[in-house]
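Here is how the chains run, residue by residue.
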Amino acid sequence: MASINRNTKVLLMQPNFAIFGKRSWKLVPYNLSILKACLCSKYETEIYDPNFDNLTEEEIRCNIRKINPDVVGLTSFSTEYYKEIKFHTRLIKEEIPEALVIVGGVLPTVLIEQAIQDPNVDYFIMGEGEYRLPQLLHILESSGNNLLKMEGIAYRLNGLNVINPPQHFIDNLDAIPFPNYEGLDLQRYCNLNQKYAQGLIPRQFPFATTMSSRGCPYQCIFCAAQTVSGKKVRMRSSENIISEIDWLIKDYGVREVIFTDDHFLFSRKRALEIMQTIKSRNYGITWKCANVAIFCLNAEILELMRESGAYQLTISIESGDQDVLNKIIKKPVNLKKAKEIVSLIKSLDFEVICNFVFGFPGEKWDQIRRTIDYAENLDIDLVNFHIATPLPKTELMDICLQEQLIKPEQALSGYTHGVISTNEFNNFELQILRAFEWDRINFKTRDKIKTIARLQGISEEEVAEWRSRTRKSLGTTINWKE
Ligand code: B12
Ligand code: SF4
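Residues numbered from 1 in each chain as written. Chains lettered and ligands numbered in written order. Predicted model: local features only at pLDDT ≥ 70, side-chain atom pairs only at ≥ 80, totals over all residues. Heavy atoms only, no water.

Overview of the sheet that holds strand E14 (residues 351-358)
Thinking step 1. The parallel open sheet is built from three strands, whose spatial order is E13-E14-E15. In this open sheet, the two edge strands, each paired with only one partner strand, are strand E13 (312-318) and strand E15 (382-387). The average angle at which neighbouring strand axes cross in this sheet is 20°, direction not considered.
Thinking step 2. Relative to E14, E13 runs parallel, the two being bridged by six bridges. The residue bridging isoleucine 315 from the neighbouring strand is cysteine 354, located in E14. (Pairing = 2+ DSSP bridges. Helix = DSSP H or I, 4+ residues; strand = E, 2+ residues; numbered from the N terminus. Axes fitted to C-alpha atoms, helices over the stretch in contact; angles between N-to-C directions.)

Some remarks on the environment of lysine 149
Thinking step 1. Mapping lysine 149 onto the fold places it in the loop between helix H5 (132-141) and strand E6 (153-157).
Thinking step 2. Overall, lysine 149 belongs to the exposed group, its relative accessible area being 70%.
Thinking step 3. Taking the C-alpha atoms as reference, lysine 149 lies 8.3 Å from asparagine 164; in sequence the two are 15 residues apart. (Buried < 20%, exposed > 50% of the residue type's maximum accessible area, 1.4 Å probe, protein only.)

With respect to the packing of helix H1 (residues 30-39) against H5
Describing two packed helices takes the angle between their axes plus the distance from one axis to the other.
Thinking step 1. At a minimum axis distance of 9 Å, the contact between H1 and H5 shows a crossing angle of 45°. Our classification of the angle between H1 and H5 gives oblique. As for how H1 packs across H5, the hand of that crossing is right-handed. Where H1 abuts H5, its residues Leu35, Cys38 and Leu39 lie against Leu133, Pro134 and Leu137.
Thinking step 2. Of the residues contributing to the contact of H1 with H5, the split by class is six nonpolar, no polar and no charged. (Parallel < 35°, antiparallel > 145°, perpendicular 65-115°, else oblique. Left-handed = near helix turned anticlockwise from the far one by under 90°. Contact = heavy atoms within 4.5 Å. Nonpolar A, V, L, I, M, F, W, Y, C, P; charged D, E, K, R; others polar.)

Here we look at the domain arrangement of the protein
Thinking step 1. By the assigned domains, the protein splits into domain 1 (9-164) and domain 2 (191-473).
Thinking step 2. Look at where the C-alpha atoms of domain 1 and domain 2 centre, and you get two points 29 Å apart.
Thinking step 3. The interface is formed by 19 residues belonging to domain 1 together with 23 residues belonging to domain 2.
Thinking step 4. The interface formed by domain 1 and domain 2 holds four salt bridges in total.
Thinking step 5. Ionic pairing is found between arginine 234 and glutamate 128, a salt bridge with its closest N-O pair at 2.8 Å.
Thinking step 6. At the boundary of domain 1 and domain 2, one finds ten residue pairs in polar contact (both at pLDDT 80 or more).
Thinking step 7. Contributing elements (two or more residues each) for the side of domain 1 that touches domain 2: H1 and helix H4 (106-115).
Thinking step 8. The greatest single-element share of the side of domain 1 that touches domain 2, amounting to six residues, is contributed by H4.
Thinking step 9. Classifying every residue of the side of domain 1 that touches domain 2 gives ten nonpolar, three polar and six charged. (Domains from an automatic or database assignment. Salt bridge = Lys/Arg side-chain N within 4 Å of Asp/Glu carboxyl O. Polar contact = N/O pair within 3.5 Å; in protein donor to acceptor, adjacent residues only side chain to side chain.)

Overview of the site of ligand 1
Thinking step 1. With respect to spatial proximity, 37 residues lie near ligand 1, and among them Thr75, Thr79, Glu130, Ser229 and Asp262 are the closest.
Thinking step 2. In this structure, an oxygen atom belonging to ligand 1 sits 2.9 Å away from a side-chain N or O atom of asparagine 31.
Thinking step 3. Within the side chain of aspartate 262, an N or O atom sits 2.9 Å from a nitrogen atom of ligand 1.
Thinking step 4. Among the elements of the structure, H1, strand E3 (71-75), strand E4 (100-104), H4 and helix H7 (225-229) are those that each provide at least two residues to the shell around ligand 1.
Thinking step 5. Both domains that meet at the shell around ligand 1, namely domain 1 (9-164) and domain 2 (191-473), each give it at least three residues. (Near = heavy atom within 4 Å.)

Here's the deal with the packing of aromatic side chains
Thinking step 1. Summed over the entire model, instances satisfying the criterion amount to 21 aromatic pairs.
Thinking step 2. Feature note: the residues Phe178, Tyr181, Trp247 and Tyr252 constitute an aromatic cluster, connected by ring pairs. (Phe/Tyr/Trp six-rings, centres within 6.5 Å; stacked < 30°, edge-to-face > 60°.)

Thoughts on the sheet that holds strand E8 (residues 207-210)
Thinking step 1. Taken in spatial order, the three strands make up an open sheet running E8-E11-E12, and their pairing is parallel. Sheet topology places E8 and strand E12 (286-289) at the edges, where each strand pairs with a single neighbour. The sheet shows a mean angle of 15° between the axes of neighbouring strands, direction not considered.

The structure is reproduced here in structure tokens:
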């Protein structure tokens, strides 16, 4: 086992999420870059990202051997990639048995009972890592005595599992350093035109992602945001965001910023401040949010968004049936108002993408059909239909387990196959409905096809191929090709 001291070499690693052929996104490891910034004044810290080049097992093994770290911190992102995480922890231990393996991120945060069974991990950090990772290394450096008092950590001790759940979220996000991108070929990440990555495809390169707040106060039953980032929205100040944008422009030539917040518009005042400053500084950048709450949009916000360089909105209306929204999903969307806002958005010439989800316990077939009609009538650039998927530590998962609609092992399901079947529908019907209605609604005209090709970063020929693959597989294989 590695002993921690001032000469300790820490490797922060993103797994190759596509190692078993699943889809992966190739974004700069933002979370690891922040963690690096928190560690690098004390330890030699490097980031290794085999995900970006889709490296093979042999290449990953070889690189790890070469780097020869004392500590490896692996990020896990989503529970859907549980198998991929286990694969990487085994591989790290096999290559460098004496290295300390620490896993953090969504997997241990929402599913520690399962994660802790991985024998190749020494410590799990649950929740936010900015203070916990340095704390853990510090404790280990000074003999490990205070480990029992630490929160947000899990490990095995004398054959027993010790799980100390996280007790709090970080309040002052301004105190967290900006990501440390040194050593990463940022220009490669920021200039990569990812395919099929709507919402993450910029209009201007190079682009960067950042998060201006963490947390969401709403309680949509399918969403894990509350466990992962908390009910209380914690916001970085507008000044802090603007200085990050300044830095990204100055040091990396960034031309577009994509905010990946759960709820960017939580504080209207702060959002207006950020947009006003972007506008008044004449940066000439474009920007967008990966998600915006439709119920927080109004003419003032939308106009300022547009004037400050935003050009695309991804909104999640989720259902076209008000009862499903109110009583099942529990999302405060008013369908009449949502339609008015969408008209306003279109009149301001934004690109609009909208997400819908169906297949909830208690949902009726006619309600699902209403969602499809509603989506069609919006007449927007791209409509996505998702099949409700229970994620660990969500209300939807609790309902599905209570009503025995899924088996516990389905807790790690991906999004492609529906997993919920009720007396009203089964997952196969939903897959057919989704694949064919998605095709019918989205690709009605040549102009729509052209727009979607642009939104997805693909050619019109690739759109045709994508539609055909989706119909044939009923959308159950992710259509990704490098
Ligand atoms: C932006 C985002 C995306 C983006 C970017 C993803 C990326 N790889 O960068 C895109 C759109 C691509 C995406 C895709 C997906 N996402 Co997403 N995504 C998010 C979102 C909104 C923010 C993530 C983020 O950047 N957070 C900011 C950073 C700083 O936080 P962090 O990554 O959690 O890291 C902190 C801690 O976890 C910890 N930590 C992380 N790694 C490590 C490692 C060590 C060693 C340590 C000590 C600590 C540590 O410390 C960090 C700093 O505090 C979250 C919601 C959320 N609130 O977290 C959902 C979320 C993580 N996504 C989710 C899902 C399901 C997915 C998909 C599987 C969906 C799909 N099938 O299409 C894919 C999988 C993507 C993948 N393999 O990368 C779920 C995960 C739930 C679950 N049970 O799995 C979440 C929670 C959304 C939700 N509300 O339910 N996503
Ligand atoms: S509004 Fe969005 S982030 Fe918030 S709970 Fe609902 S789905 Fe999750």
